[in-house]
Amino acid sequence: MGKTNRYDADSLEVLTGLEPVRKRPGMYTDTECPNHLAQEVVDNAVDEAIAGHADRICVELLKDGSLSVRDNGRGMPVDIHPEHGISGVELILTRLHAGAKFSDKHYTFSGGLHGVGVSVVNALAEWLEVEIMREGARWKMRFENGEPVSPLEKIGRAKKSETGTLLHFSPQPSYFDRTEFDVESLKYLLRAKAVLCANLRVEFTGPDGDQEVWQYGSGLAEYLTQACDTRQNLLAEPFMGEAENGRQAVRWAMQWHDEAPGTICESYVNLIPTAQGGSHVAGLRGGVLDAVREFCTLRDLLPKGLTLNADDVMASAAWVLSLQMNEPQFSGQTKQKLSSRECTPFIAQNVRDRLSLWLNQHHEEAGSIVERAIENAQLRRRSAQKVERKRAAHSGPMLPGKLADCTSPDRRDTELFLVEGDSAGGSARQARDRTMQAVMPLRGKIRNTWEVGEADLFSSEEVRNISIALGVEPGAGSDLGGLRYGKVCVLADADSDGLHIATLLIALFRRHFPRLVEAGHLYMAMPPLYRVDVGDEVHYPLDDAECEQLLKSLGQKRSVSVQRFKGLGEMNPEQLKQTTMALATRRLVQMQMQDDEADNLVLNRLLARDAAEERRHWLEREGNAAALDSA
């Protein structure tokens with residue numbers, strides 16, 4: 001009763017002010033306890049410190065359960081906003097998306113960028129008082145349940161040097177599972193702020209008057225060393241590094257130890273902890289993996305057939321990563337995961353370059369890191385083989401050993417990537433979405449099956465493995481009911497050798513699995529042939545023509561760098577994912593059947609034995625227009 005089927009414009013509600021927060025608090029904060037509210041207020045104070053306007057933050061947890069945060073920054077604006085007609089303080093605390101951090105005019109790097117944080121605190125507070133010191137005066141204002149109950153008023157004088165903001169609030173119990181602050185987590189956060197912001201003095205006073213103070217001149221190495229003091233470290237001193245390019249600045253400290261897995265793995269963006277990691281952590285992992293792989297390759301350290309992945313190298317590592325950047329993009333208001341993509345190649349390149357140099361300067365310690373990584377990789381391989389044997393025992397036919405299968409039970413959305421070579425297969429396995437993308441590496445050029453009969457087809461192990469992985473028997477009348485993947489994607493190098501392999505695979509499917517092609521299941525993945533760096537921008541041209549067109553459009557820019565990929569294995573997994581495998585950014589071409597006569601004409605010319613003379617004349621006449629330069 002009470003519901004109606006009537007639905008028109010009058011049925012629509014518009015939530016204004018802070019009402020959206022109170023209506024759906026879980027969209028804006030963690031409702032388990034009010035620690036995230038404390039973090040939002042502390043982040044505002046820290047932003048003042050990052051901008052160079054504050055060097056002290058005092059946090060006090062009172063006996064009544066309320067919390068106060070004080071900084072010696074510039075103080076919130078108290079003048080009247082020309083458009084909205086209310087003071088800057090009231091605007092900040094009562095309106096969503098109001099703030100000074102949408103551009104870099106006032107804050108080069110800041111954690112607050114949505115203009116939402118401190119207004120959320122006010123919306124979910126039983127009461128909130130703010131006191132401001134600036135321009136020789138002290139100002140005060142009080143709010144209850146998000147609404148002002150007293151106007152902003154001047155309450156006295158302040159010294160010219162005495163500036164800052166004091167914000168004191170008590171969480172509203174109805175919005176949280178428990179209203180008590182998690183003191184240990186809060187202290188952990190405050191200590192991390194001091195570590196990450198050099199020379200910032202952070203003070204915490206508890207309900208009983210106990211006080212703790214943190215201040216570090218340059219603290220990443222010291223912080224990590226203290227955190228790892230119970231472990232058997234492999235490095236005498238942490239591996240440190242930093243880099244900056246104007247829009248981004250990154251610092252990191254890393255330690256490897258004999259105990260796995262590492263538990264001190266912390267990332268921050270503009271001093272905000274990103275518990276779920278994100279694109280900056282992907283950059284760190286990619287850079288470390290590239291450097292260790294290169295070191296292993298140069299010294300021939302890896303056992304035959306073993307490929308390292310990022311988990312192998314990072315499982316025994318403890319690390320702290322701090323990124324500062326303009327306008328970071330987070331997944332969700334709680335800012336636990338960074339989604340800004342431009343930081344990934346910046347961090348990966350700088351970490352790789354510095355770690356490569358470090359590894360070659362510290363041979364003994366580098367050997368220890370590699371030894372632990374190899375042990376982790378061998379353990380991973382044994383575990384995977386055990387799982388594969390157990391699954392095979394319960395799932396009928398034994399799947400090919402090199403197939404890295406996906407986990408989704410819904411085969412309509414799954415994809416199988418047939419990848420040229422073990423090296424590229426290893427990168428593809430790390431770049432894929434394990435839920436819906438499977439990867440099977442192929443050994444070199446598969447057999448030319450264009451003129452092979454079905455009776456002799458399985459004399460090729462690679463062809464037999466493809467059929468088993470697909471769950472489809474060859475033949476014009478084959479049943480697709482057992483097809484295990486919705487898309488079958490050929491992924492080969494973008495050069496002439498890769499195109500040759502792709503042609504052989506297309507011929508295999510067109511001749512021996514025609515129903516699969518006819519039903520639209522066959523695709524060509526389109527990896528780039530080039531990487532073009534223009535300052536901080538990265539472009540991935542598909543071929544020579546696209547690269548030339550891009551270079552012409554760039555004109556005479558001086559900082560253009562062009563790299564030609566020798567093969568898929570030269571790409572790191574993040575590059576392969578971004579350019580070729582991620583659904584949002586890849587280029588995938590569906591292979592469609594023409595009539596039999598047209599298809600046979602083209603493939604006969606390319607692959608038939610008795611067409612060698614015709615093929616030679618065709619290559620002499622049109623080869624330079626049809627083939628890519630393999631140099």
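Residues numbered from 1 in each chain as written. Predicted model: local features only at pLDDT ≥ 70, side-chain atom pairs only at ≥ 80, totals over all residues. Heavy atoms only, no water.

1. Quick word on the packing of aromatic side chains
- Under the counting rule described, the total for this entry stands at 5 aromatic pairs.
- Ring geometry for phenylalanine 169 versus phenylalanine 181: centroids 6.2 Å apart, planes at 75°, classification edge-to-face. In this pair, phenylalanine 169 is assigned in strand 6 (residues 164-171) and phenylalanine 181 in the loop between strand 6 and helix 5 (183-196), connecting sequence segments 12 residues apart. Each member of the pair, phenylalanine 169 as well as phenylalanine 181, carries the same accessibility label: buried. (Phe/Tyr/Trp six-rings, centres within 6.5 Å; stacked < 30°, edge-to-face > 60°. Helix = DSSP H or I, 4+ residues; strand = E, 2+ residues; numbered from the N terminus. Buried < 20%, exposed > 50% of the residue type's maximum accessible area, 1.4 Å probe, protein only.)

2. Considerations on the environment of alanine 525
- Here alanine 525 shows up in strand 17 (residues 522-525).
- With a relative accessible area of 2%, alanine 525 lands in the buried category.
- If we skip the residues at most four places from it in the chain, alanine 525 touches Phe417, Val490, Leu491, Thr580, Arg587 and Leu588. (Contact = heavy atoms within 4.5 Å.)

3. Quick look at the sheet that holds strand 9 (residues 239-244)
- In space, the 5 strands of this open sheet follow the order 9-10-13-11-12, with mixed pairing throughout. Strand pairing shows two members of the sheet lacking a second neighbour, strand 9 and strand 12 (272-273), which therefore form its edges.
- Looking at chain direction, strand 10 (residues 248-256) and strand 13 (residues 317-325) are connected through 9 bridges and run antiparallel. The residue bridging valine 250 from the neighbouring strand is leucine 323, located in strand 13.
- Lying on the sheet, helix 5 is in contact with strand 10, strand 11 (265-269), strand 12 and strand 13; it crosses strand 11 at an angle near 70°.
- Helix-sheet contacts for helix 6 (residues 220-227) involve strand 9, strand 10, strand 11 and strand 13, and the interaxial angle to strand 10 is about 30°. (Pairing = 2+ DSSP bridges. Axes fitted to C-alpha atoms, helices over the stretch in contact; angles between N-to-C directions.)

4. Considerations on the nonpolar core
- Residues Leu67, Leu128, Val130 and Phe169 are the most contacted members of the largest nonpolar core, which totals 63 residues.
- A total of 8 residues in this core trace back to one element, the largest contributor, which is helix 2 (residues 35-50).
- The contact partners of leucine 128, leaving out residues within four places of it in the chain, are Leu93, Val121, Asn122, Met141, Arg142, Phe143, Leu167, His168 and Phe169.
- Ranked by size, the runner-up nonpolar core spans 42 residues in total, among them Trp256, Ala291, Cys296 and Ile369. (Core = buried A, V, L, I, M, F, W, Y, C linked by side-chain atoms within 4.5 Å.)

5. Structural notes on the pattern of salt bridges
- Taken as a whole, this structure holds 23 salt bridges when the rule is applied.
- One salt bridge connects glutamate 375 with arginine 372, and the closest N-O pair in it is separated by 2.6 Å. Taken together, the residues glutamate 375 and arginine 372, both in helix 10 (residues 363-394) and 3 residues apart, mark about one turn of the helix.
- Residue glutamate 375 is classed as partly exposed on the basis of its relative accessible area of 35%.
- When its relative accessible area of 11% is taken as the criterion, arginine 372 is described as buried.
- Salt bridges sharing common partners tie together Arg70, Glu131, Arg138 and Glu162. (Salt bridge = Lys/Arg side-chain N within 4 Å of Asp/Glu carboxyl O.)

6. A look at the confidence of the model for the protein chain
- Mean pLDDT over the protein chain works out to 83, with 86% of the residues at or above the 70 mark.
- Confidence drops under a pLDDT of 50 for residues 99-115, and excluding neighbours within four residues, the segment shows 53 contacts in the predicted structure. (pLDDT = per-residue confidence, 0-100.)

7. Here's the deal with unusual backbone geometry
- At glutamate 135, a residue that is not glycine, the phi angle is positive and equals roughly 55°.
- The residue glutamate 135 is located in the loop between strand 3 (125-134) and strand 4 (137-144) in this model.
- Unusually for a residue other than glycine, aspartate 300 sits at a positive phi of about 50°.
- Within the secondary structure layout, aspartate 300 lies in the loop between helix 7 (279-299) and helix 8 (310-314).

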